[in-house]
Structures are given as structure tokens and as C-alpha cells.
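Each chain, letter by letter, is given below.
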Amino acid sequence: DARVRGSFREAAEIQQSLLVEEPPEFSGYELAARSVPADEVGGDFYDFYDLGEGTLGLAIGDASGHGLPAALLVRDVVTGLRMGIEKELKVAHVFEKLNRVIHRSRLSSRFVSVFYGELEADGNLVYVNAGHQPPILFFREERPDQPSEMELRIGGTVSGPLPEARFRRGFAKVHPGEVLLMLTDGILERRDKAGEFFGVDRVRTIVRELQDRPAQAILDRLFEAALAWGEGRPWEDDATIVVVKRVEA
């Protein structure tokens, strides 16, 4: 039906106009990002915000389902986040407000997981994880008494299902040579022909092997490996990765 095709094209245009094509320059860091929709339009997004004073906002999210309803929900989330952040609202408050908006929405796609962080040039990171696949911070060196990585889990539930939700802030520190990996489950749940997931352990191995390489090389390799795992078949779900690497001083 031409009308349906037209609305999909329109949604794809709306989405393209909203989504950042290239990550911004942020002194002392390399940024790489890519999102591949499973349909003409997707329910994944990533975003960057120049907050001034040596601070960069980072977001990644995944709306339930894909196609048109998910794309429309992404539009609302991206716009809502940008407006809340521009007003310099406290990050937990932005999420509480956004949650109410999504909960009241008439869209059939009503759940969205979002991770949002504010990264300072010195590596301090304040974040909220609203039910999203936890980003992983890969530490620089293996210390016998310390874990080699950290999952950024603190925050709250996915946005949308509950009329009121409370969110907490988490804190982390990105040191020179460390890599922050943000992704959606379209990568992790890519299946081989036996039905086995690509999974987070394969992702961890690749990042560890390439930790000394540029952020873009890490991103490219992850996509190549996940695509090959599914033997080149089209993506079953939207797939998104953001890599943030603090360069050695």
C-alpha cells in the first residue's frame, strides 16, 4: 500500500533528521557510533550533547518493537531528553519527567530502555541507566585485586510501563586508555544457525583484544564479528554500538 510506504518513508526521514550522523569532537577522547535498523526505520538511537565547560552528554536507547511505532517513540524520547538537558534539569528529574510522558503516550510501542551519561574531560562520568543493557567500562590494566571491568547498572526501570518511576545516579571514572562500550541487545541477541546468541562474552573478548586500537576499529570489528556470527543474514533486531575511548595522555 503506497500510503503505508509513504508513512514509513516519512518516519525514516524524521528519524534521520533526529539522529546524529557523526559523533562530535571531544578533546582527549575518541568517539565512534553506528546504528543499523532491522526495518526501514528502527527503535534504537544514540545521541550526543555538547553541555559546554568540557562536558559531553551521551545517550543510547532501545524502544520496544521496531518499525513505525518504535521510531515514533524514539522521536519523543530524543526530543524529550534534549529539551530536559537544555533546561539544565537534574538528570534523574529529566528521566522521571520523560517516563511520565511515555507512560501517557498513545503509541503502541510504550517501553524504552535508555542509558544517559555526562562525561567530563577529566573522566568523571555521572549516569542514569533506565533498564538498558549495561554499558561496560573496560579498565586499563589488569590488577590482581581488582575487576578488569565495570558494568554501569545504577538507575531504575525501563521508561513507560509505570506512571511514576524514581531514578538514581551512578558514578564512574574513565582513565586514559580505558574504553566505555554502550550497545543494544540487537548485537548480543544475533543468532548463529544453531540458534546460539552472539552474547556479551564474545563482545568482551573483542574489546579486550583491540583495547589499544582506535575507537572506530573496535566498533568496526564488533559489527563485522556479529554480522559474520549470523552468517551475513539481515539483522533480526536493530543493532547499535557506541564506543568512547579516553586516549593516553
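Being a predicted model, the structure only gives us computed values, none of them experimental.

*Asks:* Help me out: how do you make sense of the environment of F95 in this one?
*Replies:* As for its placement among the helices and strands, F95 is situated in helix α3 (residues 91-104). Residue F95 is classed as buried on the basis of its relative accessible area, which comes to 0%. When the C-alpha positions of F95 and D62 are compared, they lie 15 Å apart, and in sequence the two are 33 residues distant. Once you skip the residues sitting within four places of it in the chain, F95 turns out to touch L81, V114, Y116, V128, A130 and F167.

*Asks:* How should I be thinking about the pattern of salt bridges in this particular structure?
*Replies:* Scanning the model with the defined rule gives 16 salt bridges in all. With its nearest N and O atoms 2.6 Å apart, the salt bridge here joins D220 to R34. With D220 in helix α6 (residues 215-229) and R34 in strand β1 (residues 29-36), this residue pair connects regions lying 186 residues apart in the sequence. A salt bridge links D212 to R140; the shortest N-O distance between them is 2.9 Å. With D212 in the loop between α5 (199-209) and α6 and R140 in the loop between β6 (136-138) and β7 (149-151), this pair connects stretches of sequence that are 72 residues apart. Residues joined in a network through salt bridges with shared partners are E149, E151, R153, D201 and R204.

*Asks:* Whenever I open this one, the side chain of D238 confuses me. Can you help?
*Replies:* Within the element layout of this structure, D238 appears in the loop between α6 and β11 (239-246). Within the structure, D238 has its side chain in polar contact with the backbone nitrogen of G43 (distance 2.7 Å).

*Asks:* Where do I start with α5 in this structure?
*Replies:* In an α-helix, one turn spans 3.6 residues; hence positions three or four apart end up facing the same way. All of the buried residues along α5 are G199, V203, R204, I206 and V207. Where α5 is buried, its residues meet β6, β7, β10 (179-183), α4 (185-188) and α6.

*Asks:* Help me out: how do you make sense of the sheet that holds β11 in this one?
*Replies:* Pairing between sheet strands relies on hydrogen bonds along the backbone, with the strands arranged either parallel or antiparallel. Taking strand neighbours across the sheet as the criterion, the 5 strands line up as β1-β11-β10-β6-β7 in an open arrangement whose pairing is antiparallel. Of all strands in the sheet, those bounded by a partner on one side alone are β1 and β7. Here the average twist between neighbouring strands, direction ignored, is 15°. As defined by bridge partners, β1 adjoins β11 across 8 bridges and the pair is classed as antiparallel. Directly across from R34, in β11, lies its bridge partner I241. In this fold α5 packs onto β6, β7 and β10, with an angle of close to 30° to the strand it touches most, β6.

*Asks:* How do you make sense of α3 when you look at a structure like this?
*Replies:* Taking 1.5 Å per residue, 14 residues should reach 20 Å; α3 reaches 20 Å between its end C-alpha atoms and fits that length. Of the positions making up α3, those classed as buried are V91, A92, V94, F95, E96, L98, N99 and I102. Where the residues of α3 are buried, they touch α2 (68-86), β4 (112-120) and β5 (124-130).

Conventions we followed
- Residues numbered from 1 in each chain as written.
- Predicted model: local features only at pLDDT ≥ 70, side-chain atom pairs only at ≥ 80, totals over all residues.
- Heavy atoms only, no water.
- Helix = DSSP H or I, 4+ residues; strand = E, 2+ residues; numbered from the N terminus.
- Buried < 20%, exposed > 50% of the residue type's maximum accessible area, 1.4 Å probe, protein only.
- Contact = heavy atoms within 4.5 Å.
- Salt bridge = Lys/Arg side-chain N within 4 Å of Asp/Glu carboxyl O.
- Polar contact = N/O pair within 3.5 Å; in protein donor to acceptor, adjacent residues only side chain to side chain.
- Pairing = 2+ DSSP bridges.
- Axes fitted to C-alpha atoms, helices over the stretch in contact; angles between N-to-C directions.
- Expected span 1.5 Å × (residues − 1).

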